[in-house]
Amino acid sequence: MNAADVNLYLVGFMGTGKTTIGRAVAARVGFQFIDSDHQIEREQAKTIPEIFAEKGEAAFRAMERAFVVEGHPGTRAVVACGGGLVVQPGNLSELQARGVVICLHASVESILARTSRFRHRPLLEVEDPAARIRELYAVRAPIYRRAGSMILTDARPLGDIVNHVLRAWRHEAKDWVRQRSAT
Ligand SMILES: Nc1ncnc2c1ncn2[C@@H]1O[C@H](COP(=O)(O)OP(=O)(O)OP(=O)(O)O)[C@@H](O)[C@H]1O
Ligand SMILES: O=C(O)C1=C[C@@H](O)[C@@H](O)[C@H](O)C1
Ligand SMILES: [Mg+2]
(Lines give C-alpha, C1' and ligand atoms only; values in the text may rest on other atoms or scores of the structure.)
(Ligands and ions follow the chains in the order given, each with its own letter.)
Protein backbone atom coordinates (compact mmCIF):
# COMPACT_ATOMS: atom_id res chain seq x y z
CA MET A 1 0.00 0.00 0.00
CA ASN A 2 1.06 3.56 -0.64
CA ALA A 3 1.85 5.52 2.57
CA ALA A 4 -0.37 8.34 1.30
CA ASP A 5 -3.44 6.03 1.46
CA VAL A 6 -2.98 4.70 4.99
CA ASN A 7 -5.92 5.22 7.38
CA LEU A 8 -5.62 7.45 10.41
CA TYR A 9 -7.34 6.52 13.68
CA LEU A 10 -7.70 9.23 16.30
CA VAL A 11 -8.15 7.92 19.81
CA GLY A 12 -8.11 9.56 23.25
CA PHE A 13 -10.32 10.72 26.07
CA MET A 14 -13.69 12.45 25.64
CA GLY A 15 -13.29 16.08 24.64
CA THR A 16 -9.69 15.86 23.46
CA GLY A 17 -10.90 16.89 19.99
CA LYS A 18 -10.98 13.65 17.98
CA THR A 19 -14.13 14.56 16.07
CA THR A 20 -13.17 18.19 15.48
CA ILE A 21 -9.56 17.51 14.49
CA GLY A 22 -10.43 14.33 12.55
CA ARG A 23 -12.96 16.13 10.37
CA ALA A 24 -10.47 18.94 9.61
CA VAL A 25 -7.62 16.52 8.85
CA ALA A 26 -9.82 14.46 6.51
CA ALA A 27 -10.88 17.61 4.64
CA ARG A 28 -7.23 18.63 4.21
CA VAL A 29 -6.25 15.34 2.55
CA GLY A 30 -9.53 14.52 0.80
CA PHE A 31 -10.11 11.34 2.83
CA GLN A 32 -13.45 10.05 4.00
CA PHE A 33 -14.24 11.06 7.58
CA ILE A 34 -15.89 8.53 9.87
CA ASP A 35 -16.81 8.94 13.52
CA SER A 36 -17.53 5.71 15.39
CA ASP A 37 -20.00 7.42 17.74
CA HIS A 38 -21.93 8.99 14.86
CA GLN A 39 -21.94 5.78 12.84
CA ILE A 40 -23.30 3.78 15.79
CA GLU A 41 -25.97 6.42 16.43
CA ARG A 42 -27.01 6.27 12.78
CA GLU A 43 -27.13 2.48 12.69
CA GLN A 44 -29.10 2.24 15.93
CA ALA A 45 -31.27 5.27 15.14
CA LYS A 46 -30.63 6.35 18.74
CA THR A 47 -28.37 8.83 20.49
CA ILE A 48 -25.54 7.55 22.69
CA PRO A 49 -27.35 8.60 25.89
CA GLU A 50 -30.39 6.63 24.66
CA ILE A 51 -28.26 3.57 23.90
CA PHE A 52 -26.64 3.71 27.36
CA ALA A 53 -30.01 4.23 29.07
CA GLU A 54 -31.98 1.62 27.12
CA LYS A 55 -29.38 -1.06 26.38
CA GLY A 56 -26.54 -0.40 28.81
CA GLU A 57 -22.82 0.32 28.41
CA ALA A 58 -21.91 -3.31 27.66
CA ALA A 59 -24.22 -3.28 24.63
CA PHE A 60 -22.61 -0.04 23.43
CA ARG A 61 -19.13 -1.60 23.78
CA ALA A 62 -20.31 -4.53 21.65
CA MET A 63 -21.45 -2.03 18.99
CA GLU A 64 -18.01 -0.41 19.10
CA ARG A 65 -16.43 -3.84 18.68
CA ALA A 66 -18.58 -4.48 15.61
CA PHE A 67 -17.55 -1.09 14.24
CA VAL A 68 -13.86 -1.96 14.68
CA VAL A 69 -14.18 -5.36 13.06
CA GLU A 70 -16.40 -4.53 10.11
CA GLY A 71 -17.66 -0.98 10.19
CA HIS A 72 -15.17 1.06 8.18
CA PRO A 73 -13.28 1.06 4.89
CA GLY A 74 -9.83 -0.35 4.24
CA THR A 75 -8.01 2.77 3.10
CA ARG A 76 -8.18 6.55 2.71
CA ALA A 77 -10.22 7.19 5.85
CA VAL A 78 -9.76 9.32 8.93
CA VAL A 79 -11.61 7.67 11.79
CA ALA A 80 -12.46 9.46 15.03
CA CYS A 81 -12.95 6.78 17.65
CA GLY A 82 -15.22 7.02 20.69
CA GLY A 83 -13.24 7.82 23.85
CA GLY A 84 -13.59 4.35 25.37
CA LEU A 85 -13.19 2.32 22.18
CA VAL A 86 -9.53 1.38 22.69
CA VAL A 87 -10.13 0.49 26.34
CA GLN A 88 -11.83 -2.74 25.28
CA PRO A 89 -9.28 -5.55 24.83
CA GLY A 90 -8.40 -6.30 21.23
CA ASN A 91 -9.71 -3.09 19.65
CA LEU A 92 -6.40 -1.23 19.69
CA SER A 93 -4.47 -4.00 17.94
CA GLU A 94 -7.22 -4.22 15.28
CA LEU A 95 -6.88 -0.49 14.60
CA GLN A 96 -3.08 -0.67 14.52
CA ALA A 97 -3.33 -3.45 11.93
CA ARG A 98 -5.47 -1.20 9.72
CA GLY A 99 -3.62 2.07 9.94
CA VAL A 100 -1.78 4.67 11.97
CA VAL A 101 -3.16 5.36 15.45
CA ILE A 102 -2.62 8.77 17.03
CA CYS A 103 -3.79 9.67 20.50
CA LEU A 104 -5.04 13.15 21.35
CA HIS A 105 -4.48 14.36 24.85
CA ALA A 106 -5.73 17.33 26.93
CA SER A 107 -5.71 18.48 30.54
CA VAL A 108 -8.62 17.71 32.85
CA GLU A 109 -9.42 21.45 32.88
CA SER A 110 -9.71 21.61 29.06
CA ILE A 111 -11.73 18.40 28.95
CA LEU A 112 -14.10 19.70 31.59
CA ALA A 113 -14.56 23.02 29.80
CA ARG A 114 -15.11 21.34 26.42
CA THR A 115 -17.49 18.63 27.64
CA SER A 116 -19.60 20.77 29.98
CA ARG A 117 -21.13 22.67 27.07
CA PHE A 118 -23.00 19.61 25.76
CA ARG A 119 -24.81 16.84 27.61
CA HIS A 120 -24.36 13.88 25.31
CA ARG A 121 -21.67 11.99 27.22
CA PRO A 122 -23.49 9.68 29.64
CA LEU A 123 -20.31 8.76 31.56
CA LEU A 124 -19.90 12.43 32.58
CA GLU A 125 -23.52 12.93 33.71
CA VAL A 126 -22.55 12.78 37.38
CA GLU A 127 -22.49 15.25 40.25
CA ASP A 128 -18.74 15.85 40.05
CA PRO A 129 -17.63 15.47 36.41
CA ALA A 130 -14.08 16.70 37.17
CA ALA A 131 -13.56 13.88 39.67
CA ARG A 132 -15.06 11.41 37.19
CA ILE A 133 -12.71 12.62 34.42
CA ARG A 134 -9.67 12.26 36.73
CA GLU A 135 -10.76 8.81 37.81
CA LEU A 136 -11.47 7.54 34.28
CA TYR A 137 -8.33 9.17 32.85
CA ALA A 138 -6.16 7.54 35.52
CA VAL A 139 -7.50 4.10 34.57
CA ARG A 140 -7.21 4.73 30.84
CA ALA A 141 -3.92 6.64 30.69
CA PRO A 142 -1.69 3.55 30.31
CA ILE A 143 -3.88 2.30 27.45
CA TYR A 144 -3.86 5.67 25.68
CA ARG A 145 -0.07 5.89 26.13
CA ARG A 146 0.34 2.52 24.44
CA ALA A 147 -1.98 3.50 21.59
CA GLY A 148 0.31 5.71 19.52
CA SER A 149 2.04 9.06 19.53
CA MET A 150 0.40 11.58 21.86
CA ILE A 151 -0.53 15.04 20.63
CA LEU A 152 -1.53 17.70 23.13
CA THR A 153 -4.59 19.76 22.17
CA ASP A 154 -4.59 22.27 25.05
CA ALA A 155 -4.71 25.97 24.29
CA ARG A 156 -3.39 25.71 20.75
CA PRO A 157 -5.00 27.03 17.59
CA LEU A 158 -6.90 24.28 15.81
CA GLY A 159 -4.83 24.77 12.64
CA ASP A 160 -1.59 24.05 14.57
CA ILE A 161 -3.00 20.82 15.97
CA VAL A 162 -4.21 19.76 12.52
CA ASN A 163 -0.73 20.40 11.05
CA HIS A 164 0.92 18.50 13.90
CA VAL A 165 -1.39 15.52 13.38
CA LEU A 166 -0.78 15.58 9.61
CA ARG A 167 3.00 15.57 10.09
CA ALA A 168 2.92 12.73 12.64
CA TRP A 169 0.57 10.68 10.45
CA ARG A 170 2.69 11.11 7.28
CA HIS A 171 5.82 10.14 9.17
CA GLU A 172 4.23 7.10 10.83
CA ALA A 173 2.43 5.94 7.68
CA LYS A 174 5.83 5.39 6.01
CA ASP A 175 6.97 3.17 8.92
CA TRP A 176 3.59 1.40 8.92
CA VAL A 177 3.95 0.49 5.22
CA ARG A 178 7.60 -0.51 5.68
CA GLN A 179 6.77 -2.81 8.59
CA ARG A 180 3.95 -4.46 6.70
CA SER A 181 6.01 -5.07 3.59
CA ALA A 182 8.81 -6.58 5.73
CA THR A 183 6.48 -9.25 7.20
N1 LIG B 1 -8.18 22.42 20.29
C2 LIG B 1 -9.36 22.82 20.74
N3 LIG B 1 -9.48 24.02 21.34
C4 LIG B 1 -10.68 24.43 21.81
N5 LIG B 1 -11.82 23.72 21.72
C6 LIG B 1 -11.76 22.54 21.13
C7 LIG B 1 -10.53 22.01 20.61
N8 LIG B 1 -10.78 20.79 20.08
C9 LIG B 1 -12.10 20.56 20.29
N10 LIG B 1 -12.68 21.62 20.88
C11 LIG B 1 -14.10 21.72 21.29
O12 LIG B 1 -14.29 20.78 22.34
C13 LIG B 1 -15.53 20.08 22.20
C14 LIG B 1 -15.23 18.57 22.16
O15 LIG B 1 -14.49 18.26 20.98
P16 LIG B 1 -14.75 16.92 20.17
O17 LIG B 1 -16.22 16.64 20.12
O18 LIG B 1 -14.01 17.05 18.89
O19 LIG B 1 -14.05 15.86 21.14
P20 LIG B 1 -14.00 14.29 21.03
O21 LIG B 1 -12.61 13.91 21.39
O22 LIG B 1 -14.52 13.86 19.72
O23 LIG B 1 -14.98 13.82 22.20
P24 LIG B 1 -15.81 12.40 22.33
O25 LIG B 1 -14.84 11.33 22.70
O26 LIG B 1 -16.75 12.65 23.46
O27 LIG B 1 -16.49 12.17 21.03
C28 LIG B 1 -16.18 20.62 20.93
O29 LIG B 1 -17.14 21.56 21.30
C30 LIG B 1 -15.04 21.29 20.16
O31 LIG B 1 -15.49 22.40 19.42
O1 LIG C 1 -15.01 7.64 26.80
C2 LIG C 1 -16.04 6.97 26.65
O3 LIG C 1 -16.21 5.90 27.22
C4 LIG C 1 -17.08 7.48 25.71
C5 LIG C 1 -16.74 8.48 24.82
C6 LIG C 1 -17.66 8.99 23.80
O7 LIG C 1 -16.94 9.26 22.60
C8 LIG C 1 -18.80 8.02 23.53
O9 LIG C 1 -18.34 6.90 22.81
C10 LIG C 1 -19.44 7.56 24.82
O11 LIG C 1 -20.01 8.68 25.45
C12 LIG C 1 -18.42 6.86 25.75
MG1 LIG D 1 -16.10 12.61 19.17
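All figures in this text were calculated on a predicted structure; none of them were measured in a lab. (Residues numbered from 1 in each chain as written. Chains lettered and ligands numbered in written order. Predicted model: local features only at pLDDT ≥ 70, side-chain atom pairs only at ≥ 80, totals over all residues.)

J.: Provide a residue-level description of the UniProt feature "binding site: ATP" (unreviewed entry) in the chain, including the pertinent values.
T.: What UniProt calls "binding site: ATP" (unreviewed entry) maps, in this numbering, to G15, T16, G17, K18, T19, T20, R121 and R156. Maximum C-alpha separation among the annotated residues is 23.8 Å over a sequence range of 142 residues, too wide for a single clustered spot. You can see G15 is positioned in the loop between β1 (7-12) and α1 (18-29). A tally of 25 C-beta atoms within 10 Å means that G15 is categorised as buried. Tracing the backbone shows G17 in the loop between β1 and α1. Take G17: there are 26 C-beta atoms within 10 Å of it, and that puts it in the buried class. The contact partners of G17, leaving out residues within four places of it in the chain, are L104, T153 and I161. (UniProt positions renumbered as here; feature names shortened; annotations may be inferred. Helix = DSSP H or I, 4+ residues; strand = E, 2+ residues; numbered from the N terminus. Buried ≥ 20, exposed ≤ 12 C-beta atoms within 10 Å, placed from the backbone. Contact = placed C-beta atoms within 7 Å.)

J.: Could you give me a rundown of the environment of R117, with the residues and numbers involved?
T.: Inspection of the secondary structure puts R117 in the loop between α6 (108-115) and α7 (129-147). Along the backbone, R117 and I133 are 16 residues apart, and their C-alpha atoms lie at a distance of 15 Å.

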